[in-house]
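Tertiary structure, described
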2 protein chains.
Amino acid sequence: MKNPIESYISYTLAAAHRAVHQSLTAALKEHGVQVEVWRVLETLDAEPSQTMGELARIVLMNPPTLTKMVDRMVMDGLVHRQAGKSDQRQVNLMLTDLGRKRMAQIRDVVQSQDEAIYNLLGESEVAKLNDILGRLM
Amino acid sequence: MKNPIESYISYTLAAAHRAVHQSLTAALKEHGVQVEVWRVLETLDAEPSQTMGELARIVLMNPPTLTKMVDRMVMDGLVHRQAGKSDQRQVNLMLTDLGRKRMAQIRDVVQSQDEAIYNLLGESEVAKLNDILGRLM
DNA sequence: TGAAATTATTTTCCAAGTCAACTATTTTCT
DNA sequence: AGAAAATAGTTGACTTGGAAAATAATTTCA
């Protein structure tokens, strides 16, 4: 531990996050998809018709940032907006056919990078990591 | 685990990182200092005269981003640049008196948030976390 | 009821980040 | 030596992110 900031938990966490994020970014880049875009696709694929607010919370983005990213996703034909049924202020998002197709194309990419981490750490360490990280929130 | 992306390690890591980063950002905001600025101050305080490239690696930033942040830090009077002695292409950075003073002011802020995590997790869990995160890089 | 407060999302304006190209210096290699 | 390649850092054009204000719809409650 030659450098002092390496002893801070926030730093170690940031460093590990950066490494994993960059590796995932590189893998998804070949498919022209951003990590955050993948998160939205994955979330909507599992549970369609999420509102912007709920989605922002899940995909770890601030609402204004999500709005802009969704603008781009709409332009790319991956999702479309629909005014909320019971509450007109809300906006529900749903995948288009292309969105579902794109999701199917990249799922393997993400899963195989996740498996790589699994193999690197081993099952019990992954469980431990999840447990500890969960307590930080 | 209601949402599927919560089962991805990269996601859990991103979520924990976001939580910790936001909390540190909020604590430092009162002193008008960005997390990345703190990292530079802390690094230079421990080992003065780092080059831009080495510093970028340590503080987890891309070189162009660091250049621009250092521009601001120079304007704020926290650091100053000096052409490399043996290699004229290199730029060495050093803290100004104000930079050292600012560092002294915020060290407690960062350390107390780190201690909060320590207390939350306990010593052995922190060690385990550091160990696991270290293997991700 | 209906004015005031609250909530969901977007917009605006500005600050910060990225990629690729560029400058300057040093190294390599014939 | 000296031309070509490599390296350190910065710049410029463009994109993205963020805080606060704005808009629109819903709730609250006197």
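Residues numbered from 1 in each chain as written. Chains lettered and ligands numbered in written order. Predicted model: local features only at pLDDT ≥ 70, side-chain atom pairs only at ≥ 80, totals over all residues. Heavy atoms only, no water.

A word on the environment of Arg72 of chain B
Spelled out, the test is: Secondary structure elements follow DSSP: runs of H or I of four or more residues count as helices, runs of E of two or more count as strands, with numbering from the N terminus. Under the scheme applied here, a residue whose accessible area is under 20% of the maximum for its type counts as buried, over 50% as exposed, and between as partly exposed, the area being computed with a 1.4 Å probe on protein chains only.
Examined against the element boundaries, Arg72 of chain B turns out to sit in helix H4 (residues 63–75). On the basis of relative accessible area, Arg72 of chain B is assigned to the partly exposed category, the value being 41%.

Quick word on empty space enclosed by the protein
Condition: Residues are said to line a cavity or pocket when one of their atoms sits within 4 Å of a point; the points come from a 1 Å grid over protein atoms alone, cavities being sets where a 1.4 Å probe fits but cannot get out and pockets being open sets with protein on both sides within 12 Å along at least five of seven lines. Grid points are joined across faces, edges and corners, and a volume is the space filled by probe spheres set on the points. Residues are grouped as follows: Ala, Val, Leu, Ile, Met, Phe, Trp, Tyr, Cys and Pro are nonpolar; Asp, Glu, Lys and Arg are charged; every other residue, Gly included, is polar.
Taken as a whole and judged by the stated rule, the model has two cavities of 30 Å³ or more. The calculated volume of the largest cavity comes to roughly 50 Å³. As for the largest cavity, its lining consists of His17, Val20, His21, Leu24, Val35 and Arg39 of chain A together with Ser10, Tyr11, Leu13 and Ala14 of chain B. Listed by contribution, the elements that provide at least two residues to the lining of the largest cavity are helix H1 (9–29) and helix H2 (35–46) of chain A together with helix H1 (9–29) of chain B. If you add up the space inside the second largest cavity, you get close to 30 Å³. Counting residues per element, the ones that place at least two in the lining of the second largest cavity are H1 and helix H2 (35–46) of chain B. No other element matches the four residues that H1 of chain B contributes to the lining of the second largest cavity. Here the residues of the lining of the second largest cavity sort into three nonpolar, three polar and one charged.

Focus: the pairing of strand E3 (residues 91–95) of chain B
Residue and element names in this part refer to chain B. Heads up, the condition is: Paired strands are those between which DSSP finds at least two bridges.
Of all the five residues making up E3, four are buried; the element is thus mostly covered by neighbouring parts of the structure. Two strands pair when backbone bridges link them, and strand E1 (residues 50–51) and E3 are joined in this way by two bridges, in the antiparallel orientation. Residue pairing across strands places Thr51 opposite Asn92, the latter belonging to E3. Both strand E2 (residues 79–83) and E3 contribute to a ladder of five bridges, which runs antiparallel. Pairing of Gln82 across the sheet is with Asn92, part of E3.

Notes on the layout of surface pockets
Quantified by volume, the largest pocket comes out at close to 810 Å³. Contributing to the lining of the largest pocket are 25 residues, with His17 and His21 of chain A together with His17, His21 and Glu36 of chain B lying nearest its centre. Taken together, the elements giving at least two residues each to the lining of the largest pocket come down to H1 and H2 of chain A together with H1 and H2 of chain B. Tallied by class, residues from the lining of the largest pocket come to eight nonpolar, eleven polar and six charged.

Description of helix H4 (residues 63–75) of chain A
All names here are of chain A. Note the cut-off: Expected span, for any helix, means 1.5 Å times one less than how many residues it has. What the arc covers is the set of directions going from the helix axis to the C-beta atoms. Any pair of residues with heavy atoms lying within 4.5 Å of one another is described as a contacting pair.
Spanning 13 residues, H4 covers 18 Å between terminal C-alpha atoms, matching the ideal 18 Å at 1.5 Å per step. Taken together, the buried positions of H4 are occupied by Leu66, Met69, Val70 and Met73. Summarising the axial view, the buried residues of H4 lie within an arc of 105 degrees, below the 170-degree limit, and thus occupy one face. For H4, the elements touching its buried residues are H2, helix H3 (52–58), strand E2 (79–83) and strand E3 (91–95).

Considering the relation of the copies chain B and chain A
Heads up, the condition is: Superposing the copies works by least squares over the C-alpha atoms of residues that have pLDDT at least 70 in both of them.
The transformation that overlays chain B on chain A combines an axial shift of 0.0 Å with a rotation of 180 degrees, and the residual RMSD is 0.1 Å. Interpreted geometrically, this transformation is the action of a two-fold axis. Comparing interface residues between copies, 100% of those in chain B also lie at the interface in chain A; the contact surface is shared.

Remember that the coordinates give geometry; whether it matters functionally is a separate question.
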